[in-house]
Amino acid sequence: KDYLLIEYAGDDRLYVPVESLDVISKYAGGEAPRLNRLGSGDWEKTRSRARRAVADIAKELVVLYAKRVHAPGHAFLADTPWQAELEDAFPYLETPDQAKAIVEVKADMERATPMDRLICGDVGYGKTEIAVRATFKAVQDNMQVAVLVPTTILAQQHAQTFSERYAGFPVKVAQLSRFLTAKEEAETIEGLKTGKVDVVIGTHRLLQRDIKFHNLGLLVVDEEQRFGV
C-alpha cells in the first residue's frame, strides 16, 4: 500500500493510507507552526482557544455594526456636473464590475449612515479609479479625504495618479511620507488643519497624533494584500 507519512513532535509518526487523504488539509496559519505530540491533547486545546477567539471577534463585530447602523453619518450630495466631467475624462472603458462598484460606492456615500465597503480585485482592474471618483465626490461636498497606503512608493504613485486625474479642477492633493522634506511635511500638516489640503495620500504617518483634519469625510485604505502596519 501507499501511505503518507506525517511527522509529529517527539519523533511521533502517523501513516495515512492514500484512500484516507481526504481527511488531511493544508495548514493555514503562522509561518512557523509548533508541532504537537500524538495523543497529547495540545492540538484540541489550540483549536478550542481559536474557536473562543473567533466567537469573541464575532461578538465584537455584532456590537460594532449595531453601533454603526445607529451612528449618524454624512449624506453626501448627488453628483455635480464636475463629477460627470471627471468621469467622462477617464481614458479607459470601465469593466462591468468596476462600473457597478462605482455606482454602489456613490450610493453608499449619499446615505446618512457611515459607509463601510470593501473593494476587491486584482492589480490593474481599476480599484484606484473607484477611489478617485469617490474622493472627488467627497471633495465636491467640502469634505477632506485621507488615502492610507502601505508604502512610500505607492503613496507617490497614487499622488501622481490623483493629481493627473484632478488636473483642471480646484482640488489640492498632497502626500505625507518620508519622501517629503521637513518643510514640505509641515506645510501639508498645516494644510490639513486649515482645510487648504483637500486630499492627502500617505503611509501610517497619517495615523500619528499630530495629524489633525479640518473636515475629514472619507478614508480610503489601500491594503495591497498585506498591510503590515
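Here, every reference points to the structure presented above.
Residues numbered from 1 in each chain as written. Predicted model: local features only at pLDDT ≥ 70, side-chain atom pairs only at ≥ 80, totals over all residues. Heavy atoms only, no water.

Within the chain, the secondary structure is distributed over six helices and six strands. Written out in order from the N terminus, the α and β elements of the chain read β-β-α-α-α-α-β-α-β-α-β-β. Expected size for 229 residues packed as a compact globule is a radius of gyration near 17 Å; at 24 Å, the chain overshoots this value by more than 25%. Each principal axis of the C-alpha distribution contributes one length, and for the chain these read about 75 × 40 × 35 Å. For the chain, the proportion of its 229 residues judged to be buried stands at 30%. Approximately 15,600 Å² of the chain is accessible, and the part contributed by carbon and sulfur atoms is 55%. Averaging the locations of the 30 positively and 34 negatively charged side chains of the chain gives two centres separated by 7 Å. (Helix = DSSP H or I, 4+ residues; strand = E, 2+ residues; numbered from the N terminus. Rg over C-alpha atoms; globule rule 2.2 N^0.38 Å. Buried < 20%, exposed > 50% of the residue type's maximum accessible area, 1.4 Å probe, protein only. Areas by Shrake-Rupley, 256 points an atom, 1.4 Å probe, with all protein chains shown as cover. Lys, Arg positive; Asp, Glu negative; His and termini not counted. Charge placed at Lys NZ, Arg CZ, Asp CG, Glu CD.)

This brings us to helix α3 (residues 96-109). Relative to the 20 Å expected for 14 residues at 1.5 Å per residue, α3 spans 20 Å between its end C-alpha atoms, a close match to the ideal helical length. Packing partners of the buried residues in α3 comprise α2 (81-88), α4 (127-140) and β6 (216-221). (Expected span 1.5 Å × (residues − 1). Contact = heavy atoms within 4.5 Å.)

Below, the discussion takes up the sheet that holds strand β5 (residues 199-202). Taken together, the four strands give an open sheet; going across it, the order is β4-β5-β3-β6, and neighbouring strands pair in parallel fashion. Looking at the sheet topology across the chains shown, the edges are occupied by β4 (173-176) and β6. Put simply, the sheet's adjacent strands are angled 20 degrees from each other on average, direction ignored. The sheet contact formed by β4 and β5 spans four bridges and is parallel. Counterpart to Leu176 in the pairing with β5 is Gly202. Along the sheet face, helix α6 (residues 182-194) touches β3 (144-148), β4 and β5 and points at about 120 degrees away from the line of β4. (Pairing = 2+ DSSP bridges. Axes fitted to C-alpha atoms, helices over the stretch in contact; angles between N-to-C directions.)

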